[in-house]
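Results of the structural survey
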Amino acid sequence: MVNGGAGGIGLAVVMKLAGIGYQPIILDVNEAACRETVAQLAETGVKGEYHTFDLTRKDDVQNAMRDILAKYGGIAALVNLAGGTLYAHPIQEFPLDEWQRVIDVNLKATFLCCQAAIPTMKAQRKGAIVNTTSNFALTGDATRTAYAASKAAVVSFTKSLAVELAPFNVRANCIGPGRTATARVMQNFTPERWAGLTDIPMGRAAEPEEIAEGVAFLVSDDSAFMTGQSLHVNGGMVRT
Amino acid sequence: MTGAGQGIGRALALGMADEGAAVIIAELNANNAREVEREIQRREGEALAVQTDVSDEASVTAMMARCLERFGKVDVLVNNAGIFPNAPVEAMDESEWDRVIGTNLVGTFLCSRAVVPTLIAQRSGRIISMASGRALEGAKNGSHYAASKGGILGFTRALSLELAPFGITVNALCPGITDTAQPRANLPPGARLEDVGANIPLGRIGEVEDLVGPTLFLASDAGRFVTGQTVVVNGGAIRW
């Protein structure tokens, strides 16, 4: 299950996981993007499924999860990708409703989706959860007080989840993208500025596929002894 | 693969050989090195045992020359060689401090320095260094070990910046307590290594094979955008 699966990174994650044998279920508020993602999956011969609802509303999450789990009988991996900066302001200008929305989409949605999926994973005594952090959780950034706080919160949430779920053989880790070449990110840059980025040691932003490789690693048995950790995929932009 | 004659290094050498790597077993103990070489050859892989003291500049230079003479290139350096004696600071001989820093940290520097010109000329490669959870949290009677492994983390972050422009990634792995000879030797009388596992979230101490999946991820194309990172593989004992 990929929360935010119709976004730029989400599409790459869904394609990668489908390619290694997972049945992808896309949870995303953007129905048009969901249809596009399912169409791209179909081109590779994979039948994708999407559910469109507000990931920040507990009843919507519980109902959607109940329907999906009833249909499939289980869940191997939950990837919580939905989120983003959404609103950026110096703190004295930050409207409370926008601050709250950033926290809700990045943190609360992750909490609600985990809460809905975990009973099944515990009963299975197997499962992998990947939540999304960010380089900004480590460094902060001016105008991103809400976003940086939400992502650092996701990390601590994930560590706690890891300890709670470990006795049930359910792992929880974070993927940490840095700057990634998605349409949403690139629209903030002129082509000249994008080509002239100097703050990434490897000289370019990540391709969404490179983030997807990290997610695939974290849900696979290759990382079977890793839990409560963060894997940052950022070309050396922030070094942990 | 330095220190590949036993423990984690041996498991990594076998694991990478099973994935098709030709492995240089750079190991101080010539008998152990030959045993691993024979085992890889028995599995129809390719291996070359080269007795090496990673703390000795001439030995490292000679090992590198043998590697290039035989294979003409280097894809991955795994700095795994390490020693872990126990001593409280006030009783620690300067010679023991020098030995631990010399093998664990200076050895990592010497081997990395030896391989870097080849990696730069290739414009490809991976350096993966074995640190330890002790670098993150410390432990009694191992201040030299913790210092050496912490130094590996700083070295890794710095070297990643130097090599990123060439597409070469540099990362560190932090295992936890792993079922190998050195931790067993350090146990108090009557203590059992297995009992330590009761306090670890995933319910057991590490097995040497737990490091193979993460090493392969970092060494492979899937990990091409991960650099300057510390990847912690310890059953959740320390959540980084």
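The following refers to the structure shown. (Residues numbered from 1 in each chain as written. Chains lettered and ligands numbered in written order. Predicted model: local features only at pLDDT ≥ 70, side-chain atom pairs only at ≥ 80, totals over all residues.)

Attention now goes to the overall build of chain A. For chain A, the helix and strand inventory stands at nine helices and seven strands. Taken along its principal axes, the extent of the C-alpha atoms in chain A is 50 × 40 × 35 Å. Out of the 240 residues in chain A, the part that is buried amounts to 51%. (Helix = DSSP H or I, 4+ residues; strand = E, 2+ residues; numbered from the N terminus. Buried ≥ 20, exposed ≤ 12 C-beta atoms within 10 Å, placed from the backbone.)

In this section: the sheet that holds strand E4 (residues 77-80) of chain A. Residues and elements named next belong to chain A. The seven strands are arranged E3-E2-E1-E4-E5-E6-E7 in an open sheet whose pairing can be described as parallel. The strands lining the two open edges of the sheet, one partner per strand, are strand E3 (49-51) and strand E7 (230-233). Docked against the sheet, helix H6 (residues 145-165) engages strand E5 (127-132), strand E6 (170-177) and E7, running at close to 160° with respect to E6. (Pairing = 2+ DSSP bridges. Contact = placed C-beta atoms within 7 Å. Axes fitted to C-alpha atoms, helices over the stretch in contact; angles between N-to-C directions.)

The biggest cluster of nonpolar side chains holds 145 residues, and the ones touching the most others in it are Val-13, Ala-117 and Val-215 of chain A together with Leu-12, Ala-13, Val-23 and Ile-25 of chain B. When neighbours within four sequence positions are excluded, Val-215 of chain A is seen to be in contact with Val-13, Val-79, Val-130 and Ile-175 of chain A. (Core = buried A, V, L, I, M, F, W, Y, C linked by C-beta atoms within 7 Å.)

Attention shifts here to unusual backbone geometry. Residues and elements named next belong to chain A. We note that Thr-143 has phi near 75°; this positive angle belongs to a residue other than glycine. For Thr-143, a count of 15 C-beta atoms within 10 Å corresponds to the partly exposed category. The phi dihedral of Asn-169 falls on the positive side, at around 60°, and the residue is not glycine.

Right, let's talk about the interface of chain B and chain A for a bit. The interface of chain B with chain A comprises 30 residues on the first partner and 30 residues on the second. Listed by contribution, the elements that provide at least two residues to the side of chain B that touches chain A are helix H6 (143-163), helix H9 (212-219) and strand E6 (230-233) of chain B. Looking at side-chain class alone, the side of chain B that touches chain A contains 15 nonpolar, eleven polar and four charged residues. (Nonpolar A, V, L, I, M, F, W, Y, C, P; charged D, E, K, R; others polar.)

Right, let's get into the environment of His-51 of chain A. Residues and elements named next belong to chain A. Structurally, His-51 can be placed in strand E3. By C-beta crowding, His-51 is classed as buried, having 21 other C-beta atoms within 10 Å. The spatial distance from the C-alpha of His-51 to the C-alpha of Gln-40 is 16 Å, given a sequence separation of eleven residues.

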